[in-house]
Amino acid sequence: MVDPSPSYNFTVEIDGIEAGSFSEASGLDVEIEVIEYRNGSDQSHVRKLPGLTKFSNITLKRGFAGSTELWDWMKAGTDGQIERKDGAIVLRSESGTPVARWIFRRGWPCKWHGPGLQAGESAVAIETLEIAHEGLELETA
């Protein structure tokens, strides 16, 4: 029996380069729309047909450490220069070996949240980047 991999041990790659440490990655979702269809002669049954495939946006969170590469990527988009990039969320075993890789295609930043700043708190300043993309694949080791 193989033990499941811990969810805390992952890295993020953008255009083949490790993009730093993140505390959270979410949005690894894919959905096929369900289209309900009823034949005119069949009054009691609904047929279900596959529709469009949709991919959720990927959300990455990390402690703000003064690096501006995520902001620069977002800023290029706000200046009208959307930069599409491929990337991956890589789940690693306890020893650091890649176990699974969720690969996204043609991603671009659609939302960036700066850290919430509050003088009375001692929490880490967290920045959040949301990436829209056109496809998600899963590769396992």
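Predicted, not measured: the structure shown is a model, and the values here were computed from it.

About the cut-offs
- Residues numbered from 1 in each chain as written.
- Predicted model: local features only at pLDDT ≥ 70, side-chain atom pairs only at ≥ 80, totals over all residues.
- Heavy atoms only, no water.
- Helix = DSSP H or I, 4+ residues; strand = E, 2+ residues; numbered from the N terminus.
- Polar contact = N/O pair within 3.5 Å; in protein donor to acceptor, adjacent residues only side chain to side chain.
- Contact = heavy atoms within 4.5 Å.
- Patch = residues over 30% accessible without salt bridge, like charges linked within 9 Å, V, L, I, M, F, W, Y side chains within 5 Å.
- Areas by Shrake-Rupley, 256 points an atom, 1.4 Å probe, with all protein chains shown as cover.
- Salt bridge = Lys/Arg side-chain N within 4 Å of Asp/Glu carboxyl O.
- Phe/Tyr/Trp six-rings, centres within 6.5 Å; stacked < 30°, edge-to-face > 60°.
- Buried < 20%, exposed > 50% of the residue type's maximum accessible area, 1.4 Å probe, protein only.
- Lys NZ or Arg CZ within 6 Å of the ring centre and 35° of its normal.
- Pairing = 2+ DSSP bridges.

A.B. asks: Got a sec to walk through the side chain of Asn 9? Specific residues and values, please.
C.D. replies: Checked against the element boundaries, Asn 9 lands in the segment before strand S1 (10-14). Of the polar contacts made by the side chain of Asn 9, one reaches the backbone oxygen of Ser 93; its length is 2.6 Å. Not counting the four nearest positions on each side in its chain, Asn 9 is found in contact with Val 90, Leu 91, Arg 92, Ser 93, Glu 94 and Gly 96.

A.B. asks: Give me the lowdown on a nonpolar patch on the surface, citing residues and values where you can.
C.D. replies: There is a patch of nonpolar side chains on the surface, built from Ile 35, Tyr 37 and Leu 49 and spanning about 250 Å² of accessible area. Mapped onto the secondary structure, Ile 35 falls in strand S4 (residues 30-37).

A.B. asks: Explain the packing of aromatic side chains residue by residue, including any values.
C.D. replies: We describe a pair of aromatic rings using the distance from one ring centre to the other and the angle between the two ring planes. A complete count under the given rule lists 1 aromatic pair for this structure. Measuring from ring centre to ring centre gives 4.9 Å for Trp 71 and Trp 112, while their planes differ by 65 degrees; the resulting arrangement is edge-to-face. With Trp 71 in helix H1 (residues 69-78) and Trp 112 in strand S8 (residues 98-113), this residue pair connects regions lying 41 residues apart in the sequence. Accessibility expressed as a relative area gives 23% for Trp 112, which makes it partly exposed. In this structure, Lys 85 packs its charged tip against the face of Trp 73, placed 5.1 Å from the ring centre.

A.B. asks: Go over the pairing of S8, please, and point to the residues and values.
C.D. replies: Sheet topology places strand S7 (residues 85-92) next to S8; 7 bridges connect them, and they run antiparallel. Considered in S8, the bridge of Ile 89 is made with Trp 102. With antiparallel pairing between neighbouring strands as the criterion, S7 and S8 make up a hairpin whose turn holds 5 residues, including Gly 96 at a positive phi of roughly 95 degrees. In terms of strand pairing, S8 meets strand S10 (residues 136-140) through 5 bridges, oriented antiparallel. Across the sheet, the residue bridging to Phe 104 is Leu 136, located in S10.

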